[in-house]
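What the coordinates show
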Amino acid sequence: MSEMYGQLSVAVLGGSLKEIKKLTQMALDGGASAQQVLDLGLLPGMDEVGKRFKVGEMFIPEVLLSARTMTAAMELLKPLLAKSEGGGRGTVVIGTVQGDLHNIGKNLVAMMLEGAGFTVVDLGIDVKPQAFLNAVKQHKPKLLGMSALLTTTMPRMGETIHALEEAGVRAQVKVMVGGAPVTADFVAKIRADAYAANAGAAVEVARALVGD
Amino acid sequence: MNSGFKSQVVPSYRLLTDEQIKEIHLASLDILETVGVRVNHEEAVEMLRAAGCRIRPGHIVQMPGWLVGECIRSAPSRITIYNRRGEEAMRLEGRKIHYGLGTDLIKTVDVRTGELRPSNLDDVRNAARVVDYCSDIDFVASSALPHEAQTNMMYIECFRAELENTVKPIFFTAAGREDLAAMIEIAAAVTGGEEALREKPFLINYSEPTAPLVHSYGAVSKVLLCADKGIPICYTPADVMGASAPVSLIGGIVQANAEALSGIVIHQVRGKGSPIISGFFATPMDMLSSVFVYGGPEFRLTHSAYADIYHYYGIPCWGAAGVSDAHGIDQQTAFESALTILMAALDGANLIHDIGYMGAGLIGSPANIVMSNEIIGWVKRMMRGFEITPELMGLDMIRSVGPGGDYLAEEHTLNYYKSELWRPRLSNRDDPDTWLQKGGKTFGQTLVEDTQAILDNHIPEPLSAEVQAKIRAIMAKTEEALKEMYFIA
């Protein structure tokens, strides 16, 4: 069985999008639980991807291929996983704040987080504070991620956090923010929990925030 | 079918028109016919007399235009240089560019201490090891001139140090005929005989006439030996405009070209079809410091001019780049290195030497070689240009992604990012926070650390014990033979 998990890890690492569903099904048929396939096969593969990316041995397009491979396997596993698990490392609600139409950085982070085993609910761009609040109430995520590229739209991050506080749900969720103009000082000022300087760091920060 | 459409887009540049090249060529022929060159070598003078030159008192050789033309034609248009293992390493032809070190720098910036001190034999070894590691540097040279080596043996010591520390081709200087002969013997020991060496040369001798218009005894001796043995030689004058050549760029160009052409004549009359690389170095004397300027813009103009001229002649063309007048790895070294490396590529020079030169030809540094390697990688990527094909253009994909979408996870991105995008080895492209987390280093600090790591970890392919023993024997014999030798420049 451990050989099977190894094959899954290698398939994720190598971005074997065509093979992964077959391998996942074989593992399930062989008696592995969905949780075991995830924890012992897929996630160790993605962890290795993260390590290699950090030291410059893998590049963004390859990381995203691995992430897509992981996501393809998750389609088979999700119905079998316990609801409380949220499909792996937990749920993240993510979006670009109101007034800001820049989605590339946010998309990159979303794919990276998905690849790292999070379930991502992407609200898209130009997301109003109320829409973030509604999504937090609805999906009960462990994390809320907000992106802004412009200094002129950054204040919407603080307003969103204020909305969470007003609604009494701020304590239920960790808030991480990102985007070129965001700084550690800004994070403190708006009472967010953390920020990440780039997409690779976002995965590390997210894992740290959920206590992984 | 896209009728008559060129799909490859490449940066291109030339300085001279065909008419201008002919004008310069005729002026150089005029100098050779009416002034001539002094050839301080009796045997060569007699050889040139027999070939049709007019000999004037004082070893002055006046060369007729028809003979110069014949020698330009008989010089090979292409030379293949191999590495120490006998694998093809450089094709000196057309506009193919290759970069490598220069020779004989008397000072070195120590990569461990940062101190500027006299060069030694370890600096030659270190330069060779760094070159062996650097994928965008094509050939090695001594870089340093070891102050501690015995004078008559120092070029041979350098040659051995290079052989032992890299498999790449060696561009090398010699004191005279005798030590050059010993180095050729050592090279033949590596290839398994002189015939094999002639067939697959992995070395290029570098000698120079003396401006204005003089061929020294020592230089001619080396030219004749290389012509006899079929060892490639780069025989190129270095003219200092305003001192040993006219201060005007065109005056410097026509005189230096006459010197280079007369070298080709001596070489080709001696060994028709023997391999020679030519061109010239024409750069001003700085009119305050009297320094022979390496990093200035005038040198790039004369460099571009001779590259055009030697492409017109169809003779492999040397070059000089990665050079600076500053004395350490600083901003001036970086900008002068980058501009000169880029311009030499646009010139299409075949054998671009002097990578890592600082202090206007006095100072070396292995870390500076590593910096040039990074710049060369950048330049080679730029020179490759790009291709216009339907696949690369990706109109179908652009339609399917549409306004507001992204290309992050497209197959197209995955398929082409490696071939389309240059990947720097050392350049900083981190976001500011990540850069600070990693120590907030300047590029200079990164270079020094990286170079130290290369020197600590890179182990070049060793020579066989048998070849090493042969080299030791040749060196012992040569040391004895050269004991009482006085080389004449």
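Two modes of strand pairing occur in sheets, parallel and antiparallel, and in both the strands are linked by backbone hydrogen bonds. Residue and element names in this part refer to chain B. A sheet is described by the order of its strands in space; here three strands give the open sequence S9-S8-S19, paired in mixed fashion. Each edge of the sheet is formed by a strand with only one pairing partner; in this case those strands are strand S9 (116–118) and strand S19 (363–364). Of the strand pairs in this sheet, strand S8 (residues 107–109) and S9 are connected by three bridges, and their pairing is antiparallel. Looking at S9, one finds that threonine 108 is bridged to arginine 117.

Residues and elements named next belong to chain A. Splitting chain A by domain gives domain 1 (2–84) and domain 2 (90–209). Between the C-alpha centres of domain 1 and domain 2 there is a distance of 26 Å. The interface of domain 1 with domain 2 comprises 12 residues on the first partner and 11 residues on the second. Between domain 1 and domain 2 lies a buried interface of about 920 Å² when both sides are counted; carbon and sulfur atoms form 68% of it. The interface formed by domain 1 and domain 2 includes two salt bridges. We note a salt bridge from glutamate 204 to lysine 54, for which the minimum N-O separation is 3.3 Å. Our count for the domain 1 to domain 2 interface comes out at two residue pairs in polar contact (both at pLDDT 80 or more). Secondary-structure elements contributing two or more residues to the side of domain 1 that touches domain 2 are helix H3 (34–54) and helix H4 (60–77).

Residue and element names in this part refer to chain A. Pairing in this open sheet of five strands is parallel, and the strands run S2-S1-S3-S4-S5 from one edge to the other. Strands with a single pairing partner mark the edges of an open sheet, and in this sheet they are strand S2 (118–122) and strand S5 (194–196). Ignoring strand direction, the axes of neighbouring strands in this sheet form an average angle of 25°. Here five bridges tie strand S1 (residues 90–96) to S2, and the two strands are oriented parallel to one another. Looking across to S2, one finds that glycine 90 is bridged to phenylalanine 118.

Attention now moves to unusual backbone geometry. Each neighbour pair has its own omega, and for B:Ala211 with B:Pro212 the value is -5°, a cis peptide bond. Here B:Pro212 shows up in the loop between strand S11 (203–207) and strand S12 (214–215). Phi at A:Asp126 is positive, roughly 55°, even though this residue is not glycine. One can find A:Asp126 in the loop between S2 and helix H6 (129–139). You will see that B:Asp104, though not glycine, has its phi angle at about 65°, which is positive. Exposure remark for B:Asp104: the relative accessible area of 18% places this residue in the buried category.

Residue and element names in this part refer to chain A. With respect to the helices, strands and loops of the structure, leucine 40 is situated in helix H3. For leucine 40, a relative accessible area of 43% puts it in the partly exposed group. Through-space distance from the C-alpha of leucine 40 to that of glutamine 172 is 29 Å; in sequence the pair is 132 residues apart. If sequence neighbours within four positions are ignored, leucine 40 has contacts with Tyr5 and Ser9.

On to the side chain of B:Thr302, then. Its location among the elements puts B:Thr302 in helix H10 (residues 297–313). Every residue in contact with B:Thr302, bar those within four places of it in the chain, is listed here: B:Met241, B:Leu249, B:Ile253, B:Phe280 and B:Ala282.

Listed as interface residues are 14 residues of chain B and, on the opposing side, 15 residues of chain A. For the pair chain B and chain A, the two sides together bury roughly 1300 Å², of which 57% comes from carbon and sulfur. Contact with chain A buries surface across chain B, with B:Leu408, B:Leu414 and B:Tyr417 losing the most and accounting together for 39% of the total. The interface formed by chain B and chain A holds two salt bridges in total. A salt bridge links B:Lys418 to A:Glu62; the shortest N-O distance between them is 2.9 Å. Across the contact surface, chain B and chain A share nine residue pairs in polar contact (both at pLDDT 80 or more). If you list the elements that add at least two residues to the side of chain B that touches chain A, you get helix H15 (411–420) and helix H16 (432–437) of chain B. For the side of chain B that touches chain A, the element with the most residues is H15(B), which contributes five residues.

This paragraph deals with the nonpolar core. In this structure, B:Met63 and B:Tyr310 are the most contacted members of the largest nonpolar core, which totals 135 residues. Beyond its immediate stretch of four places on either side in the chain, B:Tyr310 contacts B:Asn257, B:Ala260, B:Leu261, B:Ile264, B:Ser278, B:Gly279, B:Phe280, B:Ile315 and B:Cys317. Counting 49 residues, the second largest nonpolar core, distinct from the first, contains A:Ala34, A:Val92, A:Leu108 and A:Ala199.

Quick look at the packing of H4(A) against H15(B) now. H15(B) packs onto H4(A) with a crossing angle of 145° between their chain directions and a minimal axis gap of 9 Å. As for how H4(A) packs across H15(B), the hand of that crossing is left-handed. Residues A:Pro61, A:Glu62, A:Leu65 and A:Arg68 of H4(A) touch H15(B), and the partners they reach there are B:Glu411, B:Thr413, B:Leu414, B:Tyr417 and B:Lys418. Of the residues contributing to the contact of H4(A) with H15(B), the split by class is four nonpolar, one polar and four charged.

Rules used throughout
- Residues numbered from 1 in each chain as written.
- Chains lettered and ligands numbered in written order.
- Predicted model: local features only at pLDDT ≥ 70, side-chain atom pairs only at ≥ 80, totals over all residues.
- Heavy atoms only, no water.
- Pairing = 2+ DSSP bridges.
- Helix = DSSP H or I, 4+ residues; strand = E, 2+ residues; numbered from the N terminus.
- Domains from an automatic or database assignment.
- Contact = heavy atoms within 4.5 Å.
- Buried area = accessible area lost by both parts, 1.4 Å probe.
- Salt bridge = Lys/Arg side-chain N within 4 Å of Asp/Glu carboxyl O.
- Polar contact = N/O pair within 3.5 Å; in protein donor to acceptor, adjacent residues only side chain to side chain.
- Axes fitted to C-alpha atoms, helices over the stretch in contact; angles between N-to-C directions.
- Buried < 20%, exposed > 50% of the residue type's maximum accessible area, 1.4 Å probe, protein only.
- Core = buried A, V, L, I, M, F, W, Y, C linked by side-chain atoms within 4.5 Å.
- Left-handed = near helix turned anticlockwise from the far one by under 90°.
- Nonpolar A, V, L, I, M, F, W, Y, C, P; charged D, E, K, R; others polar.

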